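# Structure at a glance
Spelled out, the chains give:
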Amino acid sequence: MNCTNASKIYNLVGAEAVLTEADDLRKYLTGLSTTFGYVISDKNGTVFYTDSRYLEGAENALKGTEVAVRQFKAPLEDLLKSYKQIAIPIGRTLYPEYKKLKNSGFEIVDSLPAFTSAMSVKERYELSSIKHACKITDKAFNSLLGLIKEGMTENEVAAELEYLMRKSGASGTSFSTIVAFGENSSVPHHETGMRKLKFGDIILIDFGCKYEGYCSDCTRTFLFGDDKKHENFKKSYSRVLEAHMRAKENITTGMTGKEADATARNCLKIYGLDKYFTHSLGHGIGINVHEFPYISPKSEDKLSDGMVFSDEPGVYLAGEYGIRIEDTVMLEKGKTVSLTDSDKNLIII
């Protein structure tokens, strides 16, 4: 039986009815991944309206839960005509859709704060799915190392890794896998391409998978052979790893995102590398690979037990090299615990 969160969100919002259309928010409410549908919650319960593509599957999956399933036939306005007040996630709603509801005379309430708050602290079943996704991620990466050969393209390595994750039970990737060879590693979000691997190249891989709709996120940076030309890279690597571990050891429940970010950034500052750390330390991970909380120099988001986020310090020297070391972590009993845990010491294959 799928776990659902429909009544939890309805009670948090406190509006007459809650209307949800966004794919990820529907997934959070129903436990189902679908590309079409509306979830409507009111004092009488919750109904998931979808089309014939999903109807049978949704009925089977949601049998015995708080969510009823019906085929979507009538215009949306007809489903809402008995309400005066509708809650929608305003920040996730296109303006024409918002304007249409407003012009129809509905009082509009914002449901997004309730989603943000609820989704940031994971339930036990959500943590179980994320942990399983992380285990798949670790297993796939360890298997990949023995398959990397000189002359392979970035695309080929990405394809091998994605196949390995799928083979181990992943339903897909958390995002487009990033594989960067050599100088391409200095671009934090390099577009994986046809660059061929050469002896002595740096390899940076940013990857993750989905399991039961929940994401993992991991980055590893390593060397393909040692041509003895990477002494500066090796020094920088040890310092990024130090920053990564410093964050893991010092981020605690009750910190703000800004304070958490500083645990790694201040470590890199000791070595004059903070100016090359060009992104935030981390972001929340759940149904979406980027969600609340945000671990950045300006974030006032409060961290609490049950939150899952990334710990990913990095340094990037344009045209030379980039280093990022990232784990999916969570707060448990006030402390940071790793969920991805493949080797973070510098690997040379």
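As a starting point, this report considers the structure included with it.

What counts and what doesn't
Residues numbered from 1 in each chain as written. Predicted model: local features only at pLDDT ≥ 70, side-chain atom pairs only at ≥ 80, totals over all residues. Heavy atoms only, no water. Pairing = 2+ DSSP bridges. Helix = DSSP H or I, 4+ residues; strand = E, 2+ residues; numbered from the N terminus. Axes fitted to C-alpha atoms, helices over the stretch in contact; angles between N-to-C directions. Parallel < 35°, antiparallel > 145°, perpendicular 65-115°, else oblique. Left-handed = near helix turned anticlockwise from the far one by under 90°. Contact = heavy atoms within 4.5 Å. Nonpolar A, V, L, I, M, F, W, Y, C, P; charged D, E, K, R; others polar. Buried < 20%, exposed > 50% of the residue type's maximum accessible area, 1.4 Å probe, protein only. Expected span 1.5 Å × (residues − 1). Arc of directions from axis to C-beta. Phe/Tyr/Trp six-rings, centres within 6.5 Å; stacked < 30°, edge-to-face > 60°. Lys NZ or Arg CZ within 6 Å of the ring centre and 35° of its normal. Core = buried A, V, L, I, M, F, W, Y, C linked by side-chain atoms within 4.5 Å.

Read across the sheet, three strands follow the order 7-10-11 without closing on themselves; strand pairing throughout is antiparallel. The strands lining the two open edges of the sheet, one partner per strand, are strand 7 (172-173) and strand 11 (214-215). Pairing between strand 10 (residues 209-211) and strand 11: two bridges, direction antiparallel. Within strand 11, the position partnered with Lys210 by the bridge is Cys215.

In this section: the packing of helix 1 (residues 6-13) against helix 6 (residues 112-120). Where helix 1 meets helix 6, the axes come as close as 9 Å, and the angle between the chain directions of the two elements is 130 degrees. By the criterion of interaxial angle, the relationship of helix 1 to helix 6 is oblique. When you trace helix 1 past helix 6, the crossing you get is right-handed. Contact with helix 1, carried on its side by Lys8, Ile9, Leu12 and Val13, involves Ala114, Phe115 and Ala118 of helix 6 and no other residues of that element. In the contact of helix 1 with helix 6, the residues fall into six nonpolar, no polar and one charged.

This part is about the pairing of strand 16 (residues 314-317). Two faces, one strand: in a regular strand the side chains alternate between the faces of the sheet. Burial of strand 16 is two-sided: the residues Gly314 and Tyr316 facing one way and the residues Val315 and Leu317 facing the other way are all buried. Bridging between strand 16 and strand 17 (residues 321-324) involves four bridges; their strand directions are antiparallel. The residue of strand 17 that forms the bridge with Gly314 is Arg324. What sits between the antiparallel neighbours strand 16 and strand 17 is a turn of three residues, in which Gly319 has the positive phi angle 80 degrees.

What follows deals with helix 8 (residues 154-167). Helix length check: helix 8 (14 residues) gives 20 Å between terminal C-alpha atoms against 20 Å at 1.5 Å per residue, within 8%. For helix 8, the complete set of buried residues consists of Glu154, Val157, Ala158, Leu161, Leu164 and Met165. The arc that holds every buried residue of helix 8, seen down its axis, measures 125 degrees, which confines them to one face. Facing away from the buried side of helix 8 by more than 90 degrees, the exposed set consists of Arg166 and Lys167. Of the residues trailing helix 8, Gly169 is marked for its positive phi of about 115 degrees.

Moving on to the packing of aromatic side chains. Considering all chains together, one arrives at nine aromatic pairs under this definition. Plain terms: the ring middles of Phe141 and Phe207 are 5.8 Å apart, the flat faces sit at 20 degrees to each other, and that makes the pair stacked. Taken as a pair, Phe141 in helix 7 (residues 124-145) and Phe207 in strand 9 (residues 201-207) lie far apart in primary sequence, 66 residues in all. Across the pair, Phe207 and Phe141 agree in class, each one buried. Both rings, one in Phe141 and one in Phe222, keep their centres 5.7 Å apart while their planes meet at 75 degrees; by these two values the pair is edge-to-face. One end of the pair, Phe141, is in helix 7; the other, Phe222, is in strand 12 (residues 218-224), with 81 residues separating them in the sequence. Judged on exposure class, the residue Phe141 and its partner Phe222 are both buried. Cluster of aromatic residues (ring-pair linked, three or more members): Phe36, Tyr38 and Phe72. Positioned above the aromatic ring of Phe277, the side-chain terminus of Arg265 is 4.0 Å from the ring centre.

Now for the environment of Lys275. On the secondary structure map, Lys275 appears in the loop between helix 10 (257-270) and strand 13 (282-284). For Lys275, a relative accessible area of 57% puts it in the exposed group. Taking C-alpha positions, Lys275 is 8.2 Å from Val315, a pair spaced 40 residues apart along the chain.

What follows covers the nonpolar core. Counting 36 residues, the largest nonpolar core has Ile9, Val13, Tyr28, Phe48, Phe115 and Val308 as its most contacted members. Contributions of two or more residues to this core are made by helix 1, helix 2 (23-30), helix 3 (55-62), strand 4 (67-71), helix 6, helix 7 and strand 11. Ile202, Ile295, Ile323 and Ile325 belong to the second largest nonpolar core, which has 28 residues in total.

Looking now at the sheet that holds strand 4. Strand order in this open sheet of six strands is 4-3-2-1-5-6, and the pairing throughout is mixed. Strand pairing shows two members of the sheet lacking a second neighbour, strand 4 and strand 6 (107-110), which therefore form its edges. Taken pair by pair, the neighbouring strands of this sheet meet at an average axis angle of 25 degrees, ignoring direction. Taken together, the five bridges between strand 3 (residues 45-50) and strand 4 define a ladder with parallel strand orientation. Pairing of Tyr49 across the sheet is with Arg70, part of strand 4. Most of the contacts of helix 2 go to strand 2 (residues 38-42), to which it runs at about 50 degrees, and overall it touches strand 1 (17-20), strand 2, strand 3 and strand 4.

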